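Listed below are the residues making up each chain.
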Amino acid sequence: MRRYISIVFKGLTLLVLTATTLSLLEHQLWFCALFSHFRPFYALWLGLALLLLIWQPRKPHVYVALLALLSGLALNLYYVLPQSLFPGIASAAHTSLTPMLRITHINLDRHVQDYGPVLAYLRAREDDILLLQEVTPRLLAQLPSALPAYDIIIHKALESSHGSAILRHRQRPITVLAKQEWYLPASSLRPLLSVQLSYAGQNIQVLSLHTTRPRLAFNFEDKAWFTGFYQNEELAAVAAWSREQQAQGLSTLILGDFNTTPWAGNFQYFLQQGQLQDAARPWGWHATWPSPLPVLPIDLCSHSADLRVNSYQIGPHNSGDHRALHIQLQLNS
């Protein structure tokens, strides 16, 4: 039995090292990008394997294994540590600025039968702006009575996971200057919603982003094929959109279900090309995907450099498909 456990453990360790190696090809092969999302799992497993191997007799093959484990562990930590160091610590200068804008994004579960718990949670928070995803016609019909303090600025209710809505608390001094339904890129079948808001003398362009998952499959709802690299096309189009908004003098804020992790290469490239910053960077990662081990943040927030985030939190798992993402935004005014 002990020998069987040893064989299984070594086999799994070899698979983790293989996945770590394949993740380096995420820019060349779309399915390799999938391996990059699970780096925290890899680091945990390789760290455990390294501790166990240290107690083994010093033989030539043990040194080779130690080198492989150290290399794999160092590689994964290189990507995830910048997202996890000093969580909850932000510049004290940020917290002294005013005014503030509280925004919540949540990816709801379109299959849930009772939206009561999550709507009660949102109603109790009374945030300034709500960005809802996976909004169905059934849910949309419930919003006026369940969230009576809010106006629905714009919505696109769909039976698929592509529906969304943006709401504003009617008692807040927020002016809606424009609203639009986008398809980024133009070939996309997923509508995206954006609103241009005026708050405390500053104009902010807010985009509720929901990208496709990286996969090669036929989507029976949309009657179309999707490849893993199509997500990269979406992110590239949104990055170009971000540059255009900033060129017009608009502060830019993008929140949503990115279906990628902050340490993934495509997200880092998106930040660079979109002239954006990762809002979670000073706060550590906050896992929104309810996986067995809570380490996968795929609901993300990015913003132009003239905005500041002085609070970055996630909510409980209460009927949403993902945990809610709550940010408190401070303006440079």
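These numbers come from a predicted model, not from an experiment.

Definitions and cut-offs
- Sequence order as written defines the numbering, with residues in each chain counted from 1.
- Under the rules for a predicted model, residues below a pLDDT of 70 receive no local features and side-chain atom pairs below 80 are neither given nor counted, while totals for whole chains, interfaces and linings still include all residues.
- Side-chain numbers here rest on the full set of heavy atoms in the structure, without hydrogens or water.
- Secondary structure is summarised from DSSP: a helix means a run of H or I of at least four residues, a strand means a run of E of at least two, and numbering begins at the N terminus for each.
- Burial here depends on accessible area, computed with a 1.4 Å probe over protein chains only, as a share of the maximum for the residue type. Under 20% is buried, over 50% is exposed, and the range in between is partly exposed.
- Here, two residues are considered to be in contact whenever any of their heavy atoms come within 4.5 Å of each other.
- Note that accessible areas follow from Shrake-Rupley with a 1.4 Å probe, and for residues the cover is restricted to the protein chains shown.
- Each pair of aromatic rings taken from Phe, Tyr and Trp, with Trp reduced to its six-membered ring, is defined by centres within 6.5 Å and is described as stacked if the planes are under 30 degrees apart, edge-to-face if over 60, and tilted in the remaining cases.
- Geometrically, a charge over a ring is one whose NZ (Lys) or CZ (Arg) sits within 6 Å of the ring centre while staying within 35 degrees of the ring normal.
- Should a side-chain nitrogen of Lys or Arg be within 4 Å of a carboxyl oxygen of Asp or Glu, the pair is scored as a salt bridge.
- Pairing between strands requires that DSSP locate at least two bridges from one strand to the other.
- Fitted lines through C-alpha atoms serve as axes, helices being fitted only where they are in contact, and the angles separating the N-to-C directions of these axes extend from 0 to 180 degrees.
- When describing relative orientation, an angle under 35 degrees is termed roughly parallel and one over 145 degrees roughly antiparallel, while 65 to 115 degrees is termed roughly perpendicular and anything else oblique.
- Crossing handedness: left-handed means the near helix sits turned counterclockwise from the far one by under a right angle, and right-handed means the same turn made clockwise.
- By this rule, a helix spans an expected 1.5 Å times one less than how many residues it contains.
- As used here, the arc is the angular range of directions from the helix axis to the C-beta atoms.
- The set of buried Ala, Val, Leu, Ile, Met, Phe, Trp, Tyr and Cys residues whose side-chain atoms join them within 4.5 Å is what this entry labels a nonpolar core.

## Thoughts on the overall build of the protein chain
For the protein chain, the count of helices and strands is nine helices and 14 strands. Counting over 333 residues, the protein chain shows a buried share of 51%. Contacts spanning at least 24 positions in sequence make up 66% of the contacts within the protein chain whose residues lie at least 6 apart. A total of about 15,600 Å² of accessible surface is found on the protein chain, and carbon and sulfur atoms cover 62% of it.

## Regarding the packing of aromatic side chains
One pass over the full model with this rule turns up seven aromatic pairs. Where Tyr78 meets Tyr79, the ring centres are 5.3 Å apart and the plane angle is 85°; that geometry is what we call edge-to-face. According to the relative accessible area criterion, Tyr79 is partly exposed, its value standing at 27%. Aromatic pair Phe258 and Phe267: ring centres 5.5 Å apart, planes at 85°, arrangement edge-to-face. Under the relative-accessibility criterion, Phe267 is labelled buried at 0%. Through a chain of ring-to-ring contacts, the aromatic side chains of Phe258, Phe267 and Phe270 assemble into a single cluster. If you follow Arg39 out to its NZ or CZ, it ends over the ring of Tyr79, 4.1 Å from the centre.

## Focus: the pattern of salt bridges
Applying the stated criterion across every chain, the model contains seven salt bridges. Overlapping salt bridges bring together Arg102, Arg125 and Asp127 as one network.

## A look at the sheet that holds strand S6 (residues 192–199)
Spatially, six strands are ordered S5-S6-S7-S10-S12-S11 in an open sheet, and the strand pairing comes out mixed. One side of each edge strand has no neighbouring strand; the edge strands of this open sheet are strand S5 (175–182) and strand S11 (277–278). Looking at chain direction, S6 and strand S7 (residues 202–210) are connected through seven bridges and run antiparallel. Each bridged residue has a counterpart across the sheet, and for Val195 the counterpart in S7 is Val206. Across the sheet, helix H8 (residues 230–247) lies against S5, S6, S7 and strand S10 (251–257), angled at about 155° from S10, the strand it touches most.

## Some points on the packing of helix H1 (residues 2–22) against helix H3 (residues 39–54)
Axes are the key here: two packed helices are described by the angle between their axes and the distance separating the axes. Interaxial distance between H1 and H3 falls to 10 Å at its minimum, and their mutual angle equals 135°. The orientation of H1 relative to H3 falls into the category oblique. Our pair here, H1 against H3, has a crossing hand that is left-handed. Here H1 contributes Phe9, Leu12, Thr13, Val16, Leu17, Ala19 and Thr20 to the contact with H3, which in turn contributes Tyr42, Trp45, Leu46, Leu48, Ala49 and Leu52.

## Here's the deal with H3
Taking 1.5 Å per residue, 16 residues should reach 22 Å; H3 reaches 22 Å between its end C-alpha atoms and fits that length. What H3 keeps buried is the set Arg39, Pro40, Tyr42, Ala43, Leu46, Ala49, Leu50 and Leu53.

## A short note on helix H6 (residues 116–125)
Helical geometry: 3.6 residues make up each α-helical turn, so side chains three or four residues apart lie on a common side. Burial in H6 covers these residues: Val118, Leu119, Tyr121 and Leu122. One face of H6 carries all of its buried residues, which in axial projection span an arc of 155°. Looking one or two places after H6, you find Glu126, whose phi comes out positive at around 55°.

## Thoughts on the nonpolar core
A general feature of soluble globular proteins is that nonpolar side chains tend to end up buried together. The biggest cluster of nonpolar side chains holds 27 residues, and the ones touching the most others in it are Leu253, Tyr312 and Ile327. Elements represented by at least two residues in this core include exactly strand S1 (100–107), strand S2 (129–133), strand S3 (150–156), S6, S7, S10, strand S13 (307–314) and strand S14 (325–331). Excluding its chain neighbours within four sequence positions, the residues that come into contact with Ile327 are Leu101, Arg102, Ile103, Leu253, Leu255, Cys301, Val309, Ser311 and Tyr312. Judged by nonpolar contacts, the second largest core, of 20 residues, contains Leu132, Leu140, Ala146 and Tyr150.

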